[in-house]
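# Structural description and commentary
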Amino acid sequence: MAFRARITIGPTSRIVLLTCTLLAAAVLCASTFQSDTALLSTPNLPWAVLIVLFAVAESSVLHIQLRREARTVSLSEIPLVLGLFLASPMALVSARLIGALAVFIFIRRQPYMKLIFNVGLMSFDGALAVAVFRALPHHDLGPTAWIATYVTTVVCGSMSALAVTTVIGLVEARPTPRDIGLALISGVPGSAMVATIGLVGLLAVHADARSWFLLLLVAGIVVAAYRAYAGLSERHLNLERLYQFTQAVSRTPEIDGVLRNVLQQALTIMRSDRAEVVFIGDEQRQALRVSLIPGRELLREEGTADDPVLRAIVAGGTPVLVPRQGRSPHRDWADTRGIRDLLAVPLRGDAGVVGALVVADRVGDVRTFDKEDARLLETVAAHAAVALQNSRLVDRLRHEALHDALTGLPNRTYLHRVMAEVLVELKANPTRRAALMIMDLNGFKEVNDTLGHLHGDLLLREVGHRLIEVMGSTNTVARLGGDEFALLLPDCPSAAHAEQVAADVLAALQVPARVDDVELEVGASIGIALAPIHGLDGGVLLKRADTAMYAAKNSGRGAVVYTTELDEANPARLVLASELRQGLTRDEFLVLGQPQADLLTGEVVGVEALLRWRHPERGLVSPDDFLDVAERTGLLRALTAAVLRESVAACASWRAQGIELSVSVNLSARSLLDPDLFEDTLAVLALHRLPPRLLTFEITEHSVMSDMVGSGAVLDRLRQAGIRLSVDDFGTGYSSLSYLSQLPVDEVKIDKHFVMGLTSTPRDAAIVRSVIDLGANLGLSVVAEGVEDAETWERLFELGCERGQGFWLGRPMPLADIPSWIQTHGPVPIPAEPGPRLLRTLGSQPASAAIARRPA
């Protein structure tokens, strides 16, 4: 029995040397021949017939696939056994060589170097067989001759396998002792089986020459049955491989993983040495070739799509088959590239043929690619196309899940993943440092309000581009949402380095951005947290960088590095939060009221409710000192509800006493987001039977602009219910005519800092005058806070302001004291010369209009 194996390109000199060695061994074996006559005179076996028998046996082989090495068990032992008994030694050797060469040259189309090797191997195989057989006892056709035949075929098969293993080791990898041992023994069962068939045939024809016909008939039936069985087995095996292939590609959602599995399975299923996936460009000029190199790594090569195989696939959309035997229009092209046989099938996508799956150089010399293989590879390509489309979809969805849709930057989820990786590295290497920055744009909402969201979106994209340019590819730039970005420096040696990077970012943003032919200037505030100094947890670092960012925004410093003094969770704040909870339980909070007077008549027309904390140790505490802690600890809702209840109850009590005043209650941004605010407010009004027009909610510009959509919806419902709305501290926030005209408000309150500088600072006076004129033009009432003296009162009166509030009119007092205070103080005296607006008002209404009714 002879073994064949696929010889890949290797050192030519080594193959020639081994071939010469085999030829020398053949000559040495031939020199031992003592006689050139056949052992048996009958039946006569002509030399030409023996050549044909060897050729037929060599071309009719049993194909065995062992992992990546294809070995063929030929049936040449049958004519070898016949030749040992019925032919002369030289006739046997020459027939063995000529019959095999005819098959190798005309059927298998072996390359010349492999052909040279097989010349030496066939010569050595035939000469060794004669030498071994004639050296052993072989009397007649008895058991002794049978044993000699078995020994001869086993020795020849083993030596042939050893020679093939040696040549593979010379050109590819040195064989291990285990490889050599397997080569020597793996073919013994097959050799013995085929030799037995040869002996049976020899005994039959020796007994009766006419049994040739029966032997040929039985052999034909056996071969046909075997091939049918082998075909069925191979189809079952292919189905199993297809199932395994489908499972393999479905388990890997990444494109590289799918490509790796497709190529590996194509090599295995098609038993080929080479496989590649070719993707064709949109204009069918460029091609990307992806192949699998040793170690299961992908190799990508870009080139042109000008080879005839790709052109044929794109043009016809059908498989291209280039077998070893037969005619093919691509045979010459394959020969010039050293390709023995090739099979390419189209790879289809949504737009038609997008590429090809190509396998080449089928392992072994016996079989080549055929139409059945083409159908099988088409099935593989169909599964591969679906898997690649799914993987592209998965990659796109994964990208969308990890990136911001507007800017294309990584999002918060991506940032957390990268931070986790960086922090793991920091824990492993304590000497390393990293920095996390949170950046918030200044004035971005003004861009949205003035120019619209389209310009705002374009500005965010421009900011993203500038951040990438400054940060480079080694750092991470992410958009967290809105106008907030995160910058991660995985290697930051010091806080000074982080501050310098932040300065570079701020400098890049200072350059005006041209957005749709409009130049926009935008600033930013940056908070910096350092790892591991400020923590080794991603959530902690984000929180501390955010804290530092708000400190930068409030201080106007641009960039601030986190310190514990900025942290709301420091011990002092924790103590304050605990005392707040106790204060609510102990009823330590007091609601005071500060009167508001009509500048036209001097009459008190309203009261603003002010919350104070009667702290047992600190005395009366202002809301500025505890509201921020209350909001962050979830206590603000309870405080707001308490102020609302007490203020509405007091207002109802005044009304019952014949004093109809409005009461104003302050709402924070968090209160506007409370889903129960509307219903709770109506419930309190209904409980005390107070008309909604006597309740005013004061809101700050910042509280509305933090969530324009959500806040606007709540304010609309309150306004529709009859509750008045006032913008508090107007002039300190966005102060946009655009946003003010959109809000359902009834009045604006000028911030006290401007009012207090009215008589001394021209700039403040201009702002106050502008706000009063703005209110008049929009039909809004204007209230001035911070009226501390008569001169300010008179100046506001002259400018046409409608209401005033401040210490000169009255300090905050308990709500229950308001009626007695009004009775004691009476109306505020008005100047002798009213302002122009008041003159118009006086001419259109009675002097007693809007005066609160008092008891006599």
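Structural data are supplied above this passage.
Keep in mind that what you see is a predicted model, and the values were worked out from it rather than measured.

### Focus on helix 1 (residues 12-30)
Taking 1.5 Å per residue, 19 residues should reach 27 Å; helix 1 reaches 27 Å between its end C-alpha atoms and fits that length. Restricting attention to buried positions, one finds in helix 1 the residues Ile15, Leu18, Thr19, Leu22, Ala26 and Cys29. Burial along helix 1 is one-sided: seen end-on, the buried residues are contained in an arc of 100°. Turned more than 90 degrees from where helix 1 packs its buried face, Ser13, Leu17, Val27 and Leu28 sit exposed.

### As for the packing of helix 4 (residues 89-106) against helix 5 (residues 112-135)
Taken N-terminus to C-terminus, the directions of helix 4 and helix 5 make an angle of 150°; their axes are 9 Å apart at the nearest point. Taken together, the axes of helix 4 and helix 5 are roughly antiparallel relative to one another. The interaxial crossing formed by helix 4 with helix 5 has right-handed handedness. Listed contacts from helix 5 to Pro89, Leu92, Val93, Arg96, Leu97, Ala100, Leu101, Phe104 and Ile105 of helix 4 are Leu115, Asn118, Val119, Met122, Ser123, Asp125, Gly126, Ala127, Val130 and Arg134. Of the residues assigned to the contact of helix 4 with helix 5, the class counts are 13 nonpolar, 3 polar and 3 charged.

### Examining the environment of Gly181
If you trace the backbone, Gly181 turns up in helix 7 (residues 177-185). Distance from Gly181 to Leu162, taken between C-alpha atoms, is 8.9 Å for residues 19 residues apart in sequence.

### Some thoughts on unusual backbone geometry
In this chain, Ala531 is followed by Pro532 through a cis amide linkage whose omega measures 5°. Position of Pro532 among the secondary structure elements: in the loop between strand 14 (523-531) and helix 18 (538-555). One non-glycine residue with positive phi stands out, namely Asp587, at about 60°. Considering the arrangement of structural elements, one finds Asp587 in the loop between helix 19 (571-586) and strand 16 (589-598). You can call Asp587 exposed: its relative accessible area is 57%. For Arg689, which is not a glycine, the phi torsion comes out positive at approximately 55°.

Calculation notes
Residues numbered from 1 in each chain as written. Predicted model: local features only at pLDDT ≥ 70, side-chain atom pairs only at ≥ 80, totals over all residues. Heavy atoms only, no water. Helix = DSSP H or I, 4+ residues; strand = E, 2+ residues; numbered from the N terminus. Expected span 1.5 Å × (residues − 1). Buried < 20%, exposed > 50% of the residue type's maximum accessible area, 1.4 Å probe, protein only. Arc of directions from axis to C-beta. Axes fitted to C-alpha atoms, helices over the stretch in contact; angles between N-to-C directions. Parallel < 35°, antiparallel > 145°, perpendicular 65-115°, else oblique. Left-handed = near helix turned anticlockwise from the far one by under 90°. Contact = heavy atoms within 4.5 Å. Nonpolar A, V, L, I, M, F, W, Y, C, P; charged D, E, K, R; others polar.

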